[in-house]
Amino acid sequence: QKEVEQNSGPLSVPEGAIASLNCTYSDRGSQSFFWYRQYSGKSPELIMFIYSNGDKEDGRFTAQLNKASQYVSLLIRDSQPSDSATYLCAVNQGGKLIFGQGTELSVKP
Amino acid sequence: SAVISQKPSRDICQRGTSLTIQCQVDSQVTMMFWYRQQPGQSLTLIATANQGSEATYESGFVIDKFPISRPNLTFSTLTVSNMSPEDSSIYLCSVIFQGTAYEQYFGPGTRLTVT
């Protein structure tokens, strides 16, 4: 079983729609969770982090964490073509980040 | 905002040679890490660079192949030794800045091709 799992996609949404990206993790003791955006040929960019159960909003982005169910999600409202990228979920386990395989998001104009 | 730089940004090397990658940060950091991202793959942690002492390597990575130095708080090097084509990857440093918790920020990466 992979430690951090994401659907590889591609996930295709129309411009203006809500994109929903999901991630599950296996280590129940994990305490901090991160979403990175990676454009093709670029390095990962930290866009959200969440440490407590519930929702955390930052602009068009909302991270949701449910530790009991061991999942974390990222919602992108009013999706734009510029949001097209690979989104990486990362979980802090024992001080180290464990990354999922990433979900490729395509926002169609 | 803080800047993380890496040198070189890319290189093409012959098998059997070694390449040293530098990572420099313009702010104080508490931790520095080195990752590898193979083509089409996610990120894999190579090691944690410890200031003034030996790096802490992850399973599958050894010091003889990937020697790491961190002489001060804001600078680290990763050497890829005795390269083979399988070492062709993007190598990334990441840091946790002083005053933050666990958030890691990545440098621009070094794209290495071994022929």
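Keep in mind that what you see is a predicted model, and the values were worked out from it rather than measured. (Residues numbered from 1 in each chain as written. Chains lettered and ligands numbered in written order. Predicted model: local features only at pLDDT ≥ 70, side-chain atom pairs only at ≥ 80, totals over all residues. Heavy atoms only, no water.)

(A) Structural detail: the overall build of chain B. Counting its secondary structure elements, chain B contains 0 helices and 11 strands. Reading chain B from its N terminus to its C terminus gives the helix and strand order β-β-β-β-β-β-β-β-β-β-β. Relative to its length of 115 residues, chain B is compact, with a C-alpha radius of gyration of 13 Å against a globular reference of 13 Å. Seen through its C-alpha atoms, chain B measures out along the principal axes to roughly 40 × 25 × 20 Å. Put simply, of all contacts in chain B between residues at least 6 apart along the chain, 54% involve residues at least 24 apart. If you sum the accessible surface of chain B, you get close to 5,500 Å²; carbon and sulfur atoms cover 48% of it. (Helix = DSSP H or I, 4+ residues; strand = E, 2+ residues; numbered from the N terminus. Rg over C-alpha atoms; globule rule 2.2 N^0.38 Å. Contact = heavy atoms within 4.5 Å. Areas by Shrake-Rupley, 256 points an atom, 1.4 Å probe, with all protein chains shown as cover.)

(B) Expanded view of the overall build of chain A. Along the backbone of chain A there are 0 helices and 11 strands. In terms of C-alpha radius of gyration, chain A reaches 13 Å, essentially the compact-globule figure of 13 Å for 109 residues. The principal-axis extent of the C-alpha atoms belonging to chain A is close to 40 × 30 × 20 Å. Carbon and sulfur atoms form 45% of the exposed surface of chain A, whose accessible area is close to 5,100 Å². Treating the 10 positive side-chain charges of chain A as one cloud and the 11 negative ones as another, the clouds have centres 4 Å apart. (Lys, Arg positive; Asp, Glu negative; His and termini not counted. Charge placed at Lys NZ, Arg CZ, Asp CG, Glu CD.)

(C) Main features of the sheet that holds strand E1 (residues 4-7) of chain B. Residues and elements named next belong to chain B. Overall, antiparallel pairing links the 4 strands, which are arranged E1-E3-E8-E7 in an open sheet. Because the sheet does not close on itself, it has two edges, and the strands there are E1 and strand E7 (68-72). When strand polarity is set aside, the average angle formed by the axes of neighbouring strands in this sheet is 15°. Two elements, strand E3 (residues 19-25) and strand E8 (residues 75-80), share 6 bridges in a ladder whose sense is antiparallel. Residue Cys23 lies in a different strand from E8, and its bridge partner there is Ser76. (Pairing = 2+ DSSP bridges. Axes fitted to C-alpha atoms, helices over the stretch in contact; angles between N-to-C directions.)

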